[in-house]
Structure formats: C-alpha cells, structure tokens
Amino acid sequence: MKRTKRRRSSVWDCFEQMGSFVRCVKCNAMLKYCGGATSSMMNHMTRFHPSTTPLDEDEKPVICAVQSVEEEGTAQPDAQQQVAVMSPNVVVTSGQPERECGERKRLKRSSVWDIFIRVDDEVHCTMCDSKLKYRSSTTSMMYHIKNKHPDAVPSDGVTLATHAEVTELVCRMIEKDMLPISMVNGDGFRELLAHTVYNYKMPSAGDITRIIEGHFHEKVDELVLQLARVEKVALTADFWTGLPCQRYMTVSCSFITEDWQGRSAVLQTHKVSWEGHSSADGVIEKLLSTVECWGMAGKVTVCVHNNTHNIVPTQGVHVTWDYATCFATTLQLAVSDGLTEDLLQIISMAGRLVKHFKHNTLAGEALEQKQVQMCLPQHKLIQSSKARWDTICDMFERLLEQRWAIKAVLSDRTVTGRQEAQTLEIGDDCWQTIENFSPVLATLKWATTVISAETEASISNIYPITFSLIQTHLVPKENDVEQVSEFKLKVQNSLRDHMEVDSSDLASKPALIASMLDPRHKHLSFLTPAGRLAAKVKLHELVSKLDVATTTAGPKEEQQETLITPDISQVARPSQVRNDTKNTMVLLLGDNYSSSYATDSETQVDYYLRDIAPSLEINPLDWWKVNGPRFPKLATLARHYLCVPGVSLPSLLSEDGQTFASMRAKLNPEHVDMMVFVNRNG
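Residues numbered from 1 in each chain as written. Predicted model: local features only at pLDDT ≥ 70, side-chain atom pairs only at ≥ 80, totals over all residues. Heavy atoms only, no water.

## Side note on the overall build of the protein
Each helix and strand counted, the protein has 27 helices and eleven strands in total. By the burial criterion, 44% of the 682 residues in the protein qualify as buried. Long-range contacts, defined here as pairs at least 24 residues apart, represent 63% of the contacts in the protein between residues at least 6 apart. Accessible surface, the protein: about 38,100 Å² in total, of which carbon and sulfur atoms supply 51%. (Helix = DSSP H or I, 4+ residues; strand = E, 2+ residues; numbered from the N terminus. Buried < 20%, exposed > 50% of the residue type's maximum accessible area, 1.4 Å probe, protein only. Contact = heavy atoms within 4.5 Å. Areas by Shrake-Rupley, 256 points an atom, 1.4 Å probe, with all protein chains shown as cover.)

Here it is as structure tokens:
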C-alpha cells in the first residue's frame, strides 16, 4: 500500500530555511533546524507571536492561541470556526482556559545538570572530576562539555543563544583580540548586537570588566594547581613598550609535565622604569615577587630575558637561578654589529626602491603588468623594518625575484621619469652585493626560526647552531664580495663574544647542559676534546648533587640503588648452590647485569653517552618519555633544563606573534596585566 505524503506544516508560512538554520520572517530570529522537526519553530511563534501562531492537524494545539481567538469572538465571529477548520481535533470550550494567556511558561531545566553536580559555589563534572566556578550561568559548563566531552553534548531543544551566552562570547572576543573594553559602549557595536540578537541589552563596560576578571581568577586557580605539581620551571622576562611610552616586563614560565609535554604560561606583567641603574634592582625585585606570589620559590632553574642591561643582579640581591640572554636578541645584536656603512647604504637604497613601488600607484600597476609578461610570480615587494633584521633578508630575496620586472618599469619613460629613474636605480655592483648577502642572512634567519619553534626544547639547540654558524656558515669564501666577507667576520666575532664560546666556564652554561641532556646533541661534536671532557665532568657533578638532594627520598630509592649489586650471600648457602653454570652466573653477577636499566649514577651517565644518538627529527621530549626509565636521574635533570626556551617569547618572531605584539602595545595600562594573562593562557 502506497504511503500517503505528509502535508507540509503551516509553520513554514512564518519561517524560511537557511541551510541548517531557519529564520523567522517576523523578527529575523535564527533557530537551529534539525531532523525536520518544527517544534522549536512552533514554540518560538507561541512565545513571541501568539496572535499569529499556526495550528496544524498533526500538531499539538496551543491553548494560549485559542484563548486569544475566543476573546475576540464578538468582534470576529468567524475566527473560531476558522480555527476549528484548521484543526478539527481541537475542542473549543467557553469555560475557564487551562492556562492564562499572560502566564509565562516555566523555563526548562538545562540538561548540563545531568553531567554536573553543584557543590557550594562550584560545579563538579561527573565525567572527568573537573571543578568550575558557578556564577548562576551554565555557559562555562556547556563550554567544558563541548571541549572535553563532545560526544556528551546535551540537546535541550533550545537552539537560540541566550543573552548570557552572547555576553560571554563578547567577553571572549575582547580577550582573544585584546580589544579595549570600552568598545562595548560604542553605538555601532550596540546597534550590531541589537540587530542580530533579539531584545538583547548590552552590559556596561564595568559589567564586562567584572566578567573578564572572573575568567582571570579562574585561569589563575587552574595555573596554581598545575605549578604545584611541577618540580622545576624556567622563567622568561620579555621587555616591551606600550602606550603611552610605558615600558613593561611580562614574566612567563615554562615547564614539562609528568607525561613529557612542554607547557608555558604567562604569570604577570609589571611596569618597569627606563632608568638604567635604578631599574636593575627593581627588575630583580619584581621577578622575586612573582616567584613568591606563584609559590615557585626554589623551583626556578634559569631566567631567559631579552634585555642585555638591567637584569644582572647586584651584590645585595641573591637569586637561586642562572640567567640566559634571548638568542633572538643576541642574533639581532650580532647582525647589527656586522652591518657596515656600505651595507647600510645598500639597504637604504633598496628600501627607497620598495617604498616607490608601494606609494606610486602607476608604478605598482606597471610592475604587476611586467610580472605577467615575464611570467614572474605576482608577489608584492616587501619593506624592511629597523626593529627586525630578518625583514632585510625578506626584502632582498623579493627584490632579486622581481629584479628584471623592476628594471623594465624603471626603463619605461611613460611610467618613470629619467631623473627619478636615476635616483631609484640600483647599480650592478649593488645587485651583486645583495645576491651575495641574501644567503648569509637567510642562514641566520633559519637559525632564529629553529630556536623560536614552540614545539622544540629549543635551548638545547643554541650552542650546536652557534658553533655551526661560527665554524661553517660565517667563514668567508673566495667568491664573496668584500662587504659580505667583512660582514661574516664581524658577526662571527660578535657571536663569540656574546655567547662566550671561548670561555673556560662554558660547560656550566645552562644552554650547554641542555645540549648534553638532548639525546640528539649529547656527543657535543662541535666542541674540542677538552671541552667535551669538561662538559661530561659537569654532568657527573650535577647528577651527584641530585643524589645528595634525594638521599632522604625514601627506602624505595635505596632499594633501586642496590639492585645492580649481586647478592653473594646466596652462593654461600649449600642448599642454594646449583650445578647449572648459567644459574650460578646469575647469582654471581646479579639479575640486572645484562639490563639496560642502570641505577648507579655514574653508570647512568656512561650508558647514556654511549647510547646511539637519535636523528635530528626526533623530539627530545618524546625520546625521554620512552627512555626515561632507563636513566631516571638524567631524566630528572632533563626535566630541569629542557623546559628552558631559547627566546624570551617564541611566538613574537612569527606573523601571529607580531600581530599580538602590536595589539598589546595599544592596551589600556589599567588592564595590561589582566588582558595579557587571559589572552596568552586562553
């Protein structure tokens, strides 16, 4: 028997479908449309447009709608009959209605409470035991379920975002984009929300500030719990300038979790003064106060900073950690030292040429046409920045790529005048210098990129890369022009001075210790035999200090130490002596004789250094996650040193990082600490 086609619901007279959503033609409200159900649309019409609520034969009648028809029976006698025809199953009575028209339906209980349990001012997730602050809103609970348990996301049938959710999203937008909180007072922004969210009332800037402060305190509580479980951390002090000409220091920390995952978090942003001598003690005091405030006293191994002055402690201030300069800052200083007057003049000429094509519309259009005619990549020229030396490399590479198209435009007298072309033209000798100079800058840029990688334990890469630059890439070649050879020698000498590669105390540098604990670089082939021996002695010394510190750790550790020592007493007992030579060897030499799991400290170091080094593509943290049980003491040291980043803030050297730097410079000084914290720890 052929099934009768179902009649289309009359609610579609008031809605139109837009993909997985439906839009009300009366108030432009957007609802989620799932599985062909019209219940949410009917509920919307009943709540907001009761006088025009349609009734279908297959749908449940709404008493409020019938009531309004009855009350208008005297003025419109045919209205009841019309409703009865539309829904013949509806029995219209003249008695007391089941529900008053003005009575509001009680809000449905959110189904997130099926997953969360409220305990005082907190809610506890029954699926993962997470604890969240409860402030009369289920938004944070819904976010938790969506992010942590997507398979358990409840479907309440309520598809419209509540006003509380909209306010929460506005706050998160301000946090992610680091926007001024005062933007919520803008007429344009309020008009936008009033048009997109039905009957929405925008909270004041003070209310938004309090919500963001709530997020700030929640993230602080989470970070305190994480740091309490960490044995050692590394600090980074990033100095930057905001508006209006205010200098700040953002203190961050890096650490390695129990499952060998590298983590970093912003702790605090301080205002610092510009004075040289007076600010040195102030910086140290702010670092010490940050460490004390976050309960990290005795946990800090190294502090990495991007300021060559005002960070070394004075004689009256004692700190328990070492200092390391941001490698990107060191490389910036080395490149600056290597730029001679001739090179600076060539950079200036190249910058003037790029500026011409960027600001002259006719020249820019002509360059695009020449690119098409010469089958060159249609790329725009890049302007260098004084603050970032790596942009010089980008500018030179792009100029070399578009060299002949640029020459063609400068030779076209309909586009460029003779006198202007003579001013802008770069001579062949300068082009030759640019061509020789670009590979050197590209190598230095690659070094910065590797050190700045957020997925790397990057401090361990600093000295292998530094020695590679000094011994290989910065050695002048026969075909180098004079300016390039001079640049290489100056950068080489500058790196030697800043990195102290010839120092007798090189083995004590945190970066070199990290290289020893990185299985990819543990052989230290870039050092002299005497340097490798000194580094090995230093590693033994650190392991010995670790033994002293853990002497009172407990009987379990002592038991591990004695496992490698055979129990000879078993041989002395006649009843335990066996004729089997193999079993006798086991009794004499011990069960752990052939095991690769060394327990003696010196043996661990020797086994580790003799072990085959993995390839350079291997992440050292992944290697230690697998091999940590073989070398437990060295694994502890690896947690201490491999958490140290090579730069003060890695992401600043990326495009996204530069965007972040420009956004934070515009922050209101009153909210700098809070906004940077919630943004970087989001």
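## A word on the sheet that holds strand β5 (residues 122-125)
Spatially, β4-β5-β6 is the arrangement adopted by the three strands of the open sheet, whose pairing is antiparallel. Of all strands in the sheet, those bounded by a partner on one side alone are β4 (116-119) and β6 (131-133). Neighbour-to-neighbour, the strand axes of the sheet open up by a mean angle of 30°, direction not taken into account. As defined by bridge partners, β4 adjoins β5 across four bridges and the pair is classed as antiparallel. Residue pairing across strands places I117 opposite H124, the latter belonging to β5. (Pairing = 2+ DSSP bridges. Axes fitted to C-alpha atoms, helices over the stretch in contact; angles between N-to-C directions.)

## A few points about empty space enclosed by the protein
Overall, the coordinates contain one cavity of 30 Å³ or more when judged by the stated rule. Space inside the largest cavity adds up to approximately 40 Å³. Lining the largest cavity are L179, P180, I181, L667, N668, H671 and M675. Each residue belonging to the lining of the largest cavity can be placed in one class, and the counts come to five nonpolar, two polar and no charged. (1 Å grid on protein atoms, 1.4 Å probe; cavity = no way out; pocket = protein on both sides within 12 Å on 5 of 7 lines; lining within 4 Å. Points joined across faces, edges and corners; volume = space filled by probe spheres on them. Nonpolar A, V, L, I, M, F, W, Y, C, P; charged D, E, K, R; others polar.)

## Here we look at the sheet that holds strand β3 (residues 30-32)
The strand order β1-β2-β3 describes an open sheet built from three strands, whose pairing is antiparallel. The open sheet terminates on both sides in strands that have one partner only, identified here as β1 (15-18) and β3. Going from strand to strand, the sheet's axes swing by 30° on average, the running direction of each strand aside. Two elements, strand β2 (residues 21-24) and β3, share three bridges in a ladder whose sense is antiparallel. Counted as the bridge partner of F21 is K32 from β3.

## Points about the state of the cysteines
Taken as a whole and judged by the stated rule, the model has zero disulfides. Unpaired in terms of disulfides, C125 finds its nearest cysteine sulfur in C128, a separation of 3.7 Å. (Disulfide = S-S within 2.5 Å.)

## Structural notes on the environment of L546
Within the secondary structure, L546 is located in helix α19 (residues 529-549). Judged by relative accessible area, which is 12%, L546 ranks as buried. For L546 and L634, which are 88 residues apart along the polypeptide, the C-alpha to C-alpha distance reads 9.4 Å. The contacts of L546, once residues within four sequence positions are left out, are K633, T636, L637 and H640.

## A word on the confidence of the model for the protein
With 77% of its residues at a pLDDT of 70 or more, the protein has an overall mean of 79. For the stretch residues 56-107, pLDDT sits under 50, and the model shows 43 contacts to residues farther than four places along the chain or on other chains. Here residues 552-579 is a poorly scored stretch, pLDDT under 50, and it has 25 contacts once near neighbours within four places are set aside; other chains count. (pLDDT = per-residue confidence, 0-100.)

## Re the layout of surface pockets
Of the volumes computed, that of the second largest pocket is approximately 1,300 Å³. Surrounding the second largest pocket, 34 residues form its lining, L132, E218, K219, E222 and N681 being those nearest its centre. The element best represented in the lining of the second largest pocket is helix α7 (residues 205-228), accounting for eight residues. Taken together, the residues that form the lining of the second largest pocket break down as nine nonpolar, ten polar and 15 charged.

## A few points about unusual backbone geometry
A positive phi angle is found at D129, which is not glycine, with a value near 65°. By relative accessible area, D129 is classed as exposed at 65%. Even without a glycine there, the phi angle at W260 is positive, about 60°. The topology assignment puts W260 in the loop between β8 (246-256) and β9 (262-272). Residue classification places W260 among the buried residues on the basis of a relative accessible area of 7%.

## Some words on the packing of aromatic side chains
On inspection of all chains with the given rule, the structure shows 16 aromatic pairs. Where F216 meets F677, the ring centres are 5.0 Å apart and the plane angle is 70°; that geometry is what we call edge-to-face. Taken together, the residues span a long stretch of sequence, with F216 in helix α7 and F677 in helix α27 (residues 672-680) at a distance of 461 residues. Relative to F487, the ring of F437 has its centre 4.7 Å away and its plane inclined at 90°; by these criteria the two rings are edge-to-face. Taken together, the residues span a long stretch of sequence, with F437 in helix α15 (residues 428-451) and F487 in helix α17 (residues 482-499) at a distance of 50 residues. When its relative accessible area of 1% is taken as the criterion, F437 is described as buried. Residue F487 is classed as buried on the basis of its relative accessible area of 0%. Ring pairing ties together the aromatic residues W260, Y608, W623, W624 and F631, which thus form one cluster. Above the ring of Y143, the side-chain terminus of R172 is found at 4.4 Å from the ring centroid. Lying over the aromatic face of W404, R403 brings its terminal NZ or CZ to 4.7 Å of the ring centre. (Phe/Tyr/Trp six-rings, centres within 6.5 Å; stacked < 30°, edge-to-face > 60°. Lys NZ or Arg CZ within 6 Å of the ring centre and 35° of its normal.)

## Structural notes on the side chain of S485
Among the structural elements, S485 can be located in helix α17. Here S485 falls in the buried class, since its relative accessible area comes to 16%. Those residues in contact with S485 that lie beyond four places of it in its chain are P476, K477 and D480.

## As for the pairing of strand β7 (residues 233-242)
Extensive coverage of β7 is indicated by the burial of nine of its ten residues. Where β7 and β8 come together, nine bridges link them in antiparallel fashion. From the neighbouring strand, A234 faces β8, where its bridge partner is S254. The turn joining β7 and β8, which pair antiparallel and follow one another in sequence, is formed by three residues; a positive phi near 55° is taken by C245.

## Concerning the packing of α15 against α17
Following both chains from N to C, one finds α15 and α17 inclined at 20°, their axes separated by 9 Å at the closest point. By the angle between their axes, α15 is roughly parallel relative to α17. The interaxial crossing formed by α15 with α17 has right-handed handedness. For the pair α15 and α17, contact is made by T433, N436, F437, V440, L441 and L444 and by Q483, V484, F487 and K488, respectively. Tallied by class, the residues present in the contact of α15 with α17 amount to six nonpolar, three polar and one charged. (Parallel < 35°, antiparallel > 145°, perpendicular 65-115°, else oblique. Left-handed = near helix turned anticlockwise from the far one by under 90°.)

## Comments concerning a nonpolar patch on the surface
Residues M18, F21 and M30 make up a contiguous nonpolar surface patch of roughly 250 Å² in combined accessible area. Position of M30 among the secondary structure elements: in strand β3. M30 sits in the partly exposed class, given a relative accessible area of 32%. (Patch = residues over 30% accessible without salt bridge, like charges linked within 9 Å, V, L, I, M, F, W, Y side chains within 5 Å. Salt bridge = Lys/Arg side-chain N within 4 Å of Asp/Glu carboxyl O.)

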